[in-house]
Amino acid sequence: TENWYSNKSGITFPLKGIFCMQIVENLNLYFENILSYKADADKNTTMDMSRHIRKNLSNIGLEMRDKIIFTYFDTGIEFLVPLINENTKSCSGYTIKPKFRMVNAVKIRYEGDFSCINEALEILKKYIAEKKYRAISNPYYKIVRDDESLNYGIWDIYISLDSNIL
C-alpha cells in the first residue's frame, strides 16, 4: 500500500519510505568561515564521507560550529563545514570560504533512510512547481542527525528561490 502526505496548502504527495517531513518557506542560511571540501564521489558514499570529515576535523585542529552541509555537482560532492576557528587558512585538500549565504529558501525536512532521500527532494521540487516558484540553486542538504548504526537520520534539504515577481 502507498502512503500519502498532504501539506498545509493541500498539495498531496505519495510517500515511499519517508517517515516524517515538513516544508517551510522563506528561510535564510548564513555562515562565516566555512571549510569547503570537494570530492569526485557518488551519492552512495556521501554519508561515509561526511562521517569521515566530522571525525577527523580535530586531527587538523578544527572544530565545527554547526552541522555539515553538502551539495551535488556533475563531477561530485561539495561538503561545507561551518567552523569555530577564526583565521583558518586553506590548504591542500580543502579551502576556506569566508561566507556562505542562501536566501529565500524553501526547506523540506526528511527523516528516514538516506537511500530514500531523493523521494523527499522530488516532493520538494513538486511543491516548488505547484506553487509556481522558480528555483535558483542546487539543493543543499544539511545533516541534522546521523545515526550511523541504523543508517537512519534527519536531513534538511534547501533550495533557494527567485524572490522576483514579474
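Our subject is the structure that appears above.
Quick look at the structure, then.

Quick notes on the rules
- Every residue gets a number counted from 1 within its own chain, in the order that chain's sequence is written.
- Reporting in this predicted model follows two pLDDT cut-offs: at least 70 for local features of residues, and 80 or more for side-chain atom pairs to be given and counted; totals over whole chains, interfaces and linings ignore these cut-offs and use all residues.
- Derived side-chain values reflect all non-hydrogen atoms in the structure, with water molecules and hydrogen atoms excluded from consideration.
- Helical segments are the DSSP runs of H or I of at least four residues, strand segments are the runs of E of at least two, and each set is numbered from the N terminus.
- We get accessible surface area from the Shrake-Rupley algorithm with a probe of 1.4 Å; when it comes to residues, only the shown protein chains can shield them.
- In this scheme, a helix's expected span is set at 1.5 Å multiplied by one less than its residue total.
- Working definition: with a 1.4 Å probe on protein chains only, accessible area under 20% of the residue-type maximum means buried, over 50% means exposed, and in between means partly exposed.
- Picture the helix axis, draw a direction to every C-beta atom, and the arc is the one those directions span.
- Whenever a carboxyl oxygen of Asp or Glu lies within 4 Å of a side-chain nitrogen of Lys or Arg, that contact is scored as a salt bridge.
- Nitrogen and oxygen atoms within 3.5 Å of one another constitute a polar contact, given that in protein one can donate a hydrogen and the other can accept it, and given that sequence-neighbouring residues count only through two side-chain atoms.
- Only heavy atoms matter for contacts: two residues are in contact if any of them lie within 4.5 Å across the pair.
- The criterion for an aromatic pair is that two Phe, Tyr or Trp rings (for Trp, the six-membered ring) have centres within 6.5 Å, with stacked assigned to planes under 30 degrees apart, edge-to-face to planes over 60 apart and tilted to the rest.
- Comment: the charge-over-ring label is applied if NZ (Lys) or CZ (Arg) is within 6 Å of the ring centre and within 35 degrees of the ring normal.

Section: the overall build of the protein chain
A count of helices and strands for the protein chain gives two helices and eight strands. Start at the N end of the protein chain and walk to the C end: the helices and strands fall as β-β-β-α-β-β-β-α-β-β. By element, 48% of the accessible surface of the protein chain is carried by carbon and sulfur atoms, the whole surface being about 9,600 Å².

Here's the deal with helix α2 (residues 117–130)
Spanning 14 residues, α2 covers 20 Å between terminal C-alpha atoms, matching the ideal 20 Å at 1.5 Å per step. Within α2 the residues assigned to the buried category are Ile117, Ala120, Leu121, Ile123, Leu124, Tyr127 and Ile128. Take α2 and look down its axis: the buried residues cluster within an arc of 160°, on one side only. In the segment just after α2, Lys132 is the residue with positive phi, at about 60°.

Focus on the pattern of salt bridges
A full pass over the atoms with the stated rule returns nine salt bridges. Measuring nitrogen to oxygen at the nearest pair gives 2.7 Å for the salt bridge that ties Arg51 to Asp146. Of this pair, Arg51 sits in helix α1 (residues 46–56) while Asp146 sits in strand β7 (residues 140–147), and the two are 95 residues apart along the sequence. There is no split in this pair, since Arg51 and Asp146 are both buried. The closest approach of N and O atoms between Lys107 and Asp156, which form a salt bridge, is 3.8 Å. In this pair, Lys107 is assigned in strand β6 (residues 95–113) and Asp156 in strand β8 (residues 152–160), connecting sequence segments 49 residues apart. On the accessibility criterion, Asp156 (3% relative accessible area) is buried. Within this structure, Asp48, Arg51, Arg54 and Asp146 form a network of salt bridges that share partners.

Focus on the side chain of Glu78
If you trace the backbone, Glu78 turns up in strand β5 (residues 76–82). At 2.8 Å, the side chain of Glu78 and the side chain of Lys97 are in polar contact. When neighbours within four sequence positions are excluded, Glu78 is seen to be in contact with Ser36, Tyr37, Lys38, Ile69, Phe70, Thr71, Phe73 and Lys97.

Here's the deal with the packing of aromatic side chains
Under the definition given, this model contains eight aromatic pairs. Clustering of aromatic rings is evident, with ring pairs tying together Phe70, Tyr72, Phe79, Tyr110, Phe114, Tyr141 and Trp155. A cation sits over an aromatic face here: Lys43 above Tyr72, 4.7 Å from the ring centre.

Here's the deal with the environment of Lys97
Locating Lys97 in the fold gives a position in strand β6. Using a relative accessible area of 29% as the deciding quantity, one classes Lys97 as partly exposed. C-alpha separation for the pair Lys97 and Glu32, spaced 65 residues apart in sequence, amounts to 7.7 Å. Ignoring anything within four residues of it in the chain, the contact list for Lys97 reads Asn33, Ile34, Ser36, Glu78 and Leu80.

A word on the environment of Asp147
Positionally, Asp147 belongs in strand β7. For Asp147 and Asp113, which are 34 residues apart along the polypeptide, the C-alpha to C-alpha distance reads 9.8 Å. Setting aside chain neighbours within four positions, we find Asp147 in contact with Tyr152 and Gly153.

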